[in-house]
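Take a look at the letters that make up each chain.
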Amino acid sequence: MRYRHRTTVVTALGLVLLTDVLRVFLPSVITIFGQAASTPAELLGAFALGWFVLALAAPPLLRRVGVRPVALAAAVVLAGARLAVTGFPGGRVQLWLATAGLVAGLCWLTAVAAGTNRPVPGLALGLAAAAVLHTVSDTYTSPWLGGAEVWVLGVVLAALFLAGQALPAPPAGGSGARAWLLVGPALLLAGMVALSPAVARTAMSYQFGLLGSSPAQGSGVAVAPLFGPLPVAVAVGGFLLAALTPPRRPAGRWIGPVALLAGAVLVALGRGELLLPAVLLTAVGLGACLAHCDSAEEPAPAIPTASIEPATVSAGVSSATAATGVTPTAPAGVAPTAGDTGVEPWAGGRGDGEASGFHREAGRRGYAAVGGMLVFAVAAVLYYAAYDLGYPNGWVPVAVAVLTAAVALSAGPVPARTGSSLPTVRTAAYATALALVAALTADETLVAGNREGPPATVRVAAYNIRMGFGIEGRFDPDALARAVGRADVVVLSEVDRGWLLNGGHDTLDLLAERLDMPYVFAPAADPLWGDAVLSRWPLAAARTHRLPAVGAPTGAQALGVTVDLGADVRLAVVATHLQPPPGREPVVQARAVASFALGYAAGRPLVVAGDLNTEPGAPGFAEFTRAGLVDALAAARPLPTSPADDPREQIDHVLVSPGLTGADAVAPRGTASDHLPVAVTLTLPPA
């Protein structure tokens with residue numbers, strides 16, 4: 001493999017491993033270091049940011065130790081941590097392994113930046129490969145899986161990465177800092193929207209699954225789509241084509257930045273029906289912005305060999321060789337002399353103007369990579385902390401897109417002599433084909449059981465799934481499915497459909513496939529986070545009603561769905577998750593839900609279920625009983641559901657209209673979430 005191809009592939013493999021580690025580190029901060037809402041968002045953000053700030057020490061370390069030793073050591077730790085989190089899922093071991101992998105990954109990235117002045121092909125290929133692998137695993141990222149095939153894949157990726165990293169790299173020319181500055185923004189925008197299979201599936205479920213929602217409601221509902229992740233194949237192909245095709249004409253230079261900004265604005269609007277164009281625009285725009293920086297701007301000026309004292313050259317070569325164990329090669333623009341093949345950036349060469357110039361360029365690239373990752377960390381913290389602290393966050397992706405576009409446009413035209421280090425069309429075509437196959441094979445078609453005739457009883461379960469993460473911080477959709485048991489209708493709270501902070505999983509689709517139930521989803525905080533209803537019978541006439549915020553930062557809604565039990569028998573189900581401010585009762589929201597539910601049911605049998613954040617007898621709970629609803633779990637109380645490992649609070653409920661009777665109410669113990677599910681069998685009234 002030629003040098004330029006090997007550097008591109010090694011950079012791509014390292015980025016895939018770093019992305020996997022980030023998908024474990026970020027949710028571990030929330031679920032292990034903190035306990036979701038019980039730990040201040042400021043403390044969680046400070047913990048996460050601290051490790052990225054620590055990476056500022058990497059460039060001085062490279063100057064003192066040398067690029068290759070640091071790169072190799074960091075690569076070994078990164079690969080080891082990536083494999084280790086597969087073997088030790090959950091608990092503080094997972095947190096600290098992911099943290100070690102993150103720090104090592106940042107050091108590796110800085111070292112690679114110091115020695116590579118044309119990173120765009122490797123960065124683009126790595127982001128695309130991570131998206132394809134994430135699609136293959138159906139958004140259930142490989143570090144969380146424990147099967148033999150996952151271990152084999154992980155070991156192969158790590159071995160290829162380490163083997164490529166161990167070989168000496170070609171010398172780097174000057175500049176390349178702009179491209180490295182974009183690595184963090186590109187990771188953020190790709191993970192949040194552009195190359196996320198979970199977001200692509202959710203976008204499809206809005207675009208092609210609206211069920212009778214009215215534009216006047218301000219938000220739609222989404223149902224299970226056919227071949228949901230399909231748009232990610234288009235996004236990957238468009239991204240690679242744009243990233244590997246530098247713009248030559250002046251007018252074409254504006255197309256990518258404008259597309260990126262348009263996609264970011266669509267994300268900021270927070271509407272589910274706009275997610276699909278946001279994914280495609282952001283993917284193409286991001287790739288085009290990377291392409292703007294795909295060349296070394298200017299190599300360092302050549303120094304005539306006659307002006308370099310032989311003794312100085314010999315000393316520099318000997319020093320570099322002693323520091324790295326590898327005879328350096330000549331930088332571009334420097335004529336080799338007897339005994340001299342150049343100076344590796346930051347490998348110990350000192351004394352001449354040429355070497356000092358390359359040291360400065362290596363330092364600029366290293367600090368640019370660290371700065372870009374700091375942008376990733378700060379923007380991610382600002383965006384997701386808003387759901388706990390209550391400030392507008394739509395400007396965050398727009399600001400990152402503006403920064404990315406500004407850096408791209410400041411790079412100047414790409415020289416005509418600059419060619420792609422990868423075959424553009426073939427690379428994009430192969431990646432698109434792989435993503436397409438993954439999208440078609442990873443998804444399952446969900447069909448309601450549609451049993452003949454109305455049943456005499458229906459078992460209903462309500463479960464706050466905490467985005468799929470258990471008490472120990474392990475993401476385990478199989479455990480969630482086991483906890484639900486034999487329920488016929490399932491009401492879910494805290495459903496995450498692609499937040500990068502939580503690993504980019506479509507938790508709803510993963511659980512629906514395991515239960516073999518179609519679903520209806522309604523957004524609460526944003527189009528990717530909300531509540532859902534799953535059923536073994538067909539669902540229809542979905543409506544969502546946004547609840548008053550009453551000072552709580554996280555949004556809340558009520559989702560009404562009609563379950564068609566056959567023979568003109570209908571059951572109205574309303575799913576909600578009340579979000580009162582800390583220390584207050586959800587009286588206003590409870591009253592709004594009760595009013596909406598009774599109006600939606602229109603006299604049909606009614607079930608209201610979910611995490612209501614109020615206990616029996618409390619003022620919020622009294623709003624439901626005052627409206628005429630009955631506690632279906634009353635015979636089994638006390639039935640505490642939170643926290644799951646030591647339940648003390650009874651805040652998850654199933655309330656029904658008179659005429660429905662409940663039996664066999666349980667809250668089965670388990671730690672698949674921080675709540676316990678509640679389940680009850682309801683006897684339907686006579687037809």
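Everything below is about the structure shown above.
Quick caveat: nothing in here was measured; it's all calculated off a predicted structure.

Undergrad: I keep staring at the overall build of the protein chain and nothing clicks. Help me out?
TA: Scanning the protein chain from terminus to terminus reveals 21 helices and 13 strands. Within the protein chain, the fraction of its 687 residues that count as buried is 60%. Of all intrachain contacts in the protein chain linking residues separated by at least 6 positions in sequence, the fraction that spans at least 24 positions is 78%. Per element, the accessible surface of the protein chain, about 24,400 Å² overall, is 65% carbon and sulfur.

Undergrad: What is the right way to read the packing of helix 9 (residues 183-194) against helix 13 (residues 275-292) from this model?
TA: Where helix 9 meets helix 13, the axes come as close as 9 Å, and the angle between the chain directions of the two elements is 160°. Of the possible angle classes, the one that applies to helix 9 and helix 13 is roughly antiparallel. Two packed elements cross with a definite hand, and for helix 9 against helix 13 that hand is left-handed. Contacts between helix 9 and helix 13 involve Ala-186, Leu-189, Ala-190, Val-193 and Ala-194 from the first element and Ala-278, Val-279, Thr-282, Ala-283 and Leu-286 from the second.

Undergrad: Just checking my understanding: could you explain the pattern of salt bridges for this structure?
TA: When charged atoms on two side chains of opposite charge get close, those side chains can pair. Under the criterion given, the structure shown has 17 salt bridges. A salt bridge links Arg-82 to Asp-20; its shortest N-O distance comes to 2.9 Å. Of the two residues, Arg-82 is situated in helix 4 (residues 67-87) and Asp-20 in helix 1 (residues 3-33); the sequence distance between them amounts to 62 residues. Here Arg-591 makes a salt bridge to Glu-623, at a shortest N to O gap of 3.2 Å. With Arg-591 in helix 20 (residues 587-601) and Glu-623 in helix 21 (residues 619-626), the pair connects residues that are 32 residues apart, well separated along the chain. Given a relative accessible area of 44%, Arg-591 falls into the partly exposed group.

Undergrad: Hey, could you run me through the packing of helix 12 (residues 255-269) against helix 16 (residues 395-410) in this one?
TA: The axes of two packed helices give the description: the angle between them and the distance between them. Axis separation between helix 12 and helix 16 bottoms out at 8 Å; the angle between their running directions is 175°. Taken together, the axis directions place helix 12 and helix 16 in an arrangement best described as roughly antiparallel. Where helix 12 abuts helix 16, its residues Pro-257, Leu-260, Leu-261, Ala-264, Val-265, Val-267 and Ala-268 lie against Pro-397, Val-398, Ala-401, Val-402, Thr-404, Ala-405 and Leu-409. When the residues that make up the contact of helix 12 with helix 16 are grouped by side-chain class, the tally is 13 nonpolar, one polar and no charged.

Undergrad: Looking at this structure, I do not really get the packing of aromatic side chains. What am I missing?
TA: Centre-to-centre distance and the angle between the planes together describe a pair of aromatic rings. If you walk through the whole model with that rule in mind, you get 15 aromatic pairs. Ring geometry for Phe-469 against Phe-475: centres 5.2 Å apart, planes inclined by 55°, an arrangement best described as tilted. Phe-475 matches Phe-469 in its accessibility class, with the two residues each being buried. Through a chain of ring-to-ring contacts, the aromatic side chains of Tyr-383, Tyr-384, Tyr-387, Trp-499 and Trp-529 assemble into a single cluster. In this arrangement the basic side chain of Arg-497 is found over the ring face of Phe-521, its NZ or CZ atom lying 5.3 Å from the centre.

Undergrad: Any chance you could explain the sheet that holds strand 8 (residues 569-577) here in plain terms?
TA: Pairing between the strands of a sheet comes from backbone hydrogen bonds, and it takes one of two forms, parallel or antiparallel. Read across the sheet, six strands follow the order 6-7-8-9-11-10 without closing on themselves; strand pairing throughout is mixed. The strands lining the two open edges of the sheet, one partner per strand, are strand 6 (539-546) and strand 10 (630-631). Bridge count for strand 9 (residues 606-611) against strand 11 (residues 652-656) is five bridges, and the pairing is antiparallel. Bridge assignment links Val-608 to a residue of strand 11, and that residue is Leu-655.

Undergrad: Is there a simple way to think about the pairing of strand 4 (residues 519-526) in this case?
TA: Every regular strand shows the same layout, with side chains that alternate between the two sheet faces. Counted residue by residue, strand 4 has eight buried out of eight residues, so it is predominantly covered. Two strands pair when backbone bridges link them, and strand 1 (residues 222-223) and strand 4 are joined in this way by two bridges, in the antiparallel orientation. Of the residues in strand 4, the one forming a bridge with Val-223 is Val-520. As defined by bridge partners, strand 4 adjoins strand 5 (residues 529-535) across six bridges and the pair is classed as antiparallel. In the strand pairing of strand 5, Tyr-519 is matched with Leu-534. Where strand 4 hands over to strand 5, the hairpin turn is made up of two residues, counted between the paired strands.

Undergrad: What should I look at first to understand the sheet that holds strand 12 (residues 661-666) in this one?
TA: The seven strands lie next to each other as 1-4-5-3-2-13-12, forming an open sheet whose pairing is mixed. The open sheet terminates on both sides in strands that have one partner only, identified here as strand 1 and strand 12. Across six bridges, strand 2 (residues 457-464) lies against strand 13 (residues 678-683) in antiparallel orientation. Within strand 13, the residue paired with Val-458 across the bridge is Leu-682. Lying over the sheet, helix 19 (residues 507-515) contacts strand 3 (489-496), strand 4 and strand 5, oriented at roughly 155° with respect to strand 3.

Undergrad: When you look at the environment of Arg-637 in this model, what are you seeing that I'm missing?
TA: Locating Arg-637 in the fold gives a position in the loop between strand 10 and strand 11. Arg-637 sits 13 residues away from Gln-650 along the chain, and the two C-alpha atoms are 8.7 Å apart. Once residues lying within four places of it in the same chain are set aside, the contact partners of Arg-637 are Pro-616, Asp-631, Gln-650, Asp-652 and His-653. Reaching out from Arg-637, the side chain makes a polar contact with the side chain of Asp-631 at a distance of 2.8 Å. At 3.3 Å, the side chain of Arg-637 and the side chain of Gln-650 are in polar contact.

Undergrad: Mind showing me how you'd approach the nonpolar core here?
TA: What tends to happen in soluble globular proteins is that the nonpolar side chains get buried as a cluster. The biggest cluster of nonpolar side chains holds 139 residues, and the ones touching the most others in it are Phe-52, Leu-195 and Leu-492. Take this core: its biggest share by element is 13 residues, from helix 1. Among the nonpolar cores identified, the runner-up in size contains 34 residues, and Trp-537, Val-561, Leu-571 and Val-678 belong to it.

Procedures and definitions
Residues numbered from 1 in each chain as written. Predicted model: local features only at pLDDT ≥ 70, side-chain atom pairs only at ≥ 80, totals over all residues. Heavy atoms only, no water. Helix = DSSP H or I, 4+ residues; strand = E, 2+ residues; numbered from the N terminus. Buried < 20%, exposed > 50% of the residue type's maximum accessible area, 1.4 Å probe, protein only. Contact = heavy atoms within 4.5 Å. Areas by Shrake-Rupley, 256 points an atom, 1.4 Å probe, with all protein chains shown as cover. Axes fitted to C-alpha atoms, helices over the stretch in contact; angles between N-to-C directions. Parallel < 35°, antiparallel > 145°, perpendicular 65-115°, else oblique. Left-handed = near helix turned anticlockwise from the far one by under 90°. Salt bridge = Lys/Arg side-chain N within 4 Å of Asp/Glu carboxyl O. Nonpolar A, V, L, I, M, F, W, Y, C, P; charged D, E, K, R; others polar. Phe/Tyr/Trp six-rings, centres within 6.5 Å; stacked < 30°, edge-to-face > 60°. Lys NZ or Arg CZ within 6 Å of the ring centre and 35° of its normal. Pairing = 2+ DSSP bridges. Polar contact = N/O pair within 3.5 Å; in protein donor to acceptor, adjacent residues only side chain to side chain. Core = buried A, V, L, I, M, F, W, Y, C linked by side-chain atoms within 4.5 Å.

Interpretation in functional terms is not warranted from these geometric data alone.
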